[in-house]
Structures are given as structure tokens and as C-alpha cells.
Amino acid sequence: MTGHHHRADEGTDAPAPESAYAAALGPVAENTAVTRLQSALRHDGEYPRASLEREFRLRRAALADRLALRSGDEHDATEAARTACELLAFDLADGRFVLGPAGPSSAVWEASARPYARQEYERWAQLTDGGRDALVGEAGDR
């Protein structure tokens, strides 16, 4: 894959954004979760670093994709493509966390990595209720 392409859905069976992000937290709550994950990555914690980094990359790519879809802005589309490519590269290097049917080395992602982020987010959200399972744990810790 060369560069950060902006075509979001071409030639894939990835879920439509409405389906992929159906269980997602609202943008503000999701941004807070991404910021917390980023902060946790800067410190040694109780979670395995690779799984924490994967969740950070996945949620950041999904949030950037959602923002780009909503705004239609070229800068936002470029950021969404960049973060999706970073997720794809992470999964190519360490495929332990891949959830979707088409892996990161599939040729279907050559046109755009954004559908890959959608595929992975949709599967992750099904397993975690869109990240709400972590919020329940945090609320119980207070």
C-alpha cells in the first residue's frame, strides 16, 4: 500500500460506517477513552502493552474515520487514512489481535485502510460493547 488514500469503501466487503460504529461511544467519550489509552501507554501498567497499544490504534483510527465522514474535510480524510494505515501496519507486525475475516495482508486494503479500521472496530465493539465494558470497570473502581 502506498501513501494514505482517501477512498473509504472501494472494493471491500468491510462494514458500512453506520454498522461499524453502531455501538461506538459518542465522539467526546471516545476521544476521552483514546486520550486515556495514550496516557496509559506512556506509563507501565497492569495491561499487556501490545494489547493496549492495539486498542489505542484501533480506537484512534475509528474516531478519525468518524470525524472525516462527518466533516467531509480533506485534512480529516488524510488523518483518517494515516491512522488507519498505522493500525494496519501494527497488525501486519503483530497479528495476534486481528478480529475480522480479511487480515491486514489482504489485497482488499490496497485502495484504502479505512475500511480495515471499520472491520476491526465493528468486531472489537461487538466483543466490548463499544468499549463500555471498560467504563463499567472504571466506574466500579471509584
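When you look at the overall build of the protein in this model, what are you seeing that I'm missing?
When helices and strands are tallied, the protein shows six helices and zero strands. N-terminal to C-terminal, the α/β element order of the protein is α-α-α-α-α-α. Going through the 142 residues of the protein one by one, you find that 42% of them count as buried. Taking contacts inside the protein between residues at least 6 apart in sequence as the whole, the part at least 24 apart equals 71%. Accessible area of the protein: about 7,700 Å², with a carbon and sulfur share of 52%.

Even after reading the chapter, I still don't get the nonpolar core, so can you show me in this structure?
Within soluble globular proteins, side chains that are nonpolar generally end up buried alongside one another. Ranked by size, the top nonpolar core spans 19 residues in total, and within it Tyr21, Leu87, Trp109 and Tyr121 carry the most contacts. Elements with a minimum of two residues in this core: helix H3 (49-71), helix H4 (74-93) and helix H5 (114-128). Among the elements that line this core, the one with the most residues is H5, at five residues. With six residues, the next largest nonpolar core counts Val34, Leu37, Leu41 and Phe56 among its residues.

What exactly am I supposed to notice about the pattern of salt bridges here?
A full pass over the atoms with the stated rule returns twelve salt bridges. The partner of Asp91 in a salt bridge is Arg54, and the shortest N-O contact between them spans 2.6 Å. Taken as a pair, Asp91 in helix H4 and Arg54 in helix H3 lie far apart in primary sequence, 37 residues in all. By relative accessible area, Asp91 is classed as buried at 1%.

Honestly, the confidence of the model for the protein in this entry has me stumped. Any pointers?
One rule of thumb: low pLDDT means the predicted coordinates there are not for detailed reading. Residue-level pLDDT values for the protein average 84, and 81% of them are 70 or greater. By mean pLDDT, the top-scoring element of the protein is H4 (97), and the lowest-scoring one is helix H6 (residues 132-141) (48). Under a pLDDT of 50 for its full length, residues 1-10 has, in the predicted model, 27 contacts with residues more than four places off or in other chains. Overall, residues 135-142 carries pLDDT values under 50, and its contacts beyond four positions in sequence, including any with other chains, amount to four contacts.

I tried to follow unusual backbone geometry on my own but got confused; where do I start?
Backbone phi values are negative for most residues with the exception of glycine, while trans is the configuration of most peptide bonds. Of note in the backbone geometry, Asp129 takes a positive phi value of approximately 55° without being a glycine. Tracing the backbone shows Asp129 in the loop between H5 and H6.

Honestly, the packing of H4 against H5 in this entry has me stumped. Any pointers?
Angle between the axes and distance between the axes are the two parameters that describe a pair of packed helices. Where H4 contacts H5, the axes come no closer than 8 Å and their chain directions differ by 65°. H5 is crossed by H4, and the crossing has left-handed handedness. Contact residues: H4 offers Ala77, Ala80, Ala81, Ala84, Leu87, Leu88 and Asp91, while H5 offers Arg114, Tyr116, Ala117 and Glu120. By residue class, the composition of the contact of H4 with H5 is eight nonpolar, no polar and three charged.

Any chance you could explain H3 here in plain terms?
Because an α-helix completes one turn every 3.6 residues, residues spaced three or four positions apart along the sequence face the same direction. With 23 residues, H3 should reach 33 Å at 1.5 Å per residue; the first-to-last C-alpha distance of 33 Å fits that figure. Just downstream of H3 lies Gly72, where phi reads positive at about 70°.

Which parts of the structure should I look at to understand the packing of aromatic side chains?
All chains considered together, the criterion is met by three aromatic pairs. For the ring pair Trp109 and Tyr116, a centre distance of 5.3 Å and an interplane angle of 70° mean the geometry is edge-to-face. By relative accessible area, which is 2% here, Trp109 ends up buried. Among the aromatic side chains, those forming a connected cluster through ring pairs are Tyr21, Tyr121 and Trp124. The ring centre of Tyr21 lies 5.9 Å from the NZ or CZ of Arg66, which sits over that ring.

Each value, and the rule that gives it
- Residues numbered from 1 in each chain as written.
- Predicted model: local features only at pLDDT ≥ 70, side-chain atom pairs only at ≥ 80, totals over all residues.
- Heavy atoms only, no water.
- Helix = DSSP H or I, 4+ residues; strand = E, 2+ residues; numbered from the N terminus.
- Buried < 20%, exposed > 50% of the residue type's maximum accessible area, 1.4 Å probe, protein only.
- Contact = heavy atoms within 4.5 Å.
- Areas by Shrake-Rupley, 256 points an atom, 1.4 Å probe, with all protein chains shown as cover.
- Core = buried A, V, L, I, M, F, W, Y, C linked by side-chain atoms within 4.5 Å.
- Salt bridge = Lys/Arg side-chain N within 4 Å of Asp/Glu carboxyl O.
- pLDDT = per-residue confidence, 0-100.
- Axes fitted to C-alpha atoms, helices over the stretch in contact; angles between N-to-C directions.
- Left-handed = near helix turned anticlockwise from the far one by under 90°.
- Nonpolar A, V, L, I, M, F, W, Y, C, P; charged D, E, K, R; others polar.
- Expected span 1.5 Å × (residues − 1).
- Phe/Tyr/Trp six-rings, centres within 6.5 Å; stacked < 30°, edge-to-face > 60°.
- Lys NZ or Arg CZ within 6 Å of the ring centre and 35° of its normal.

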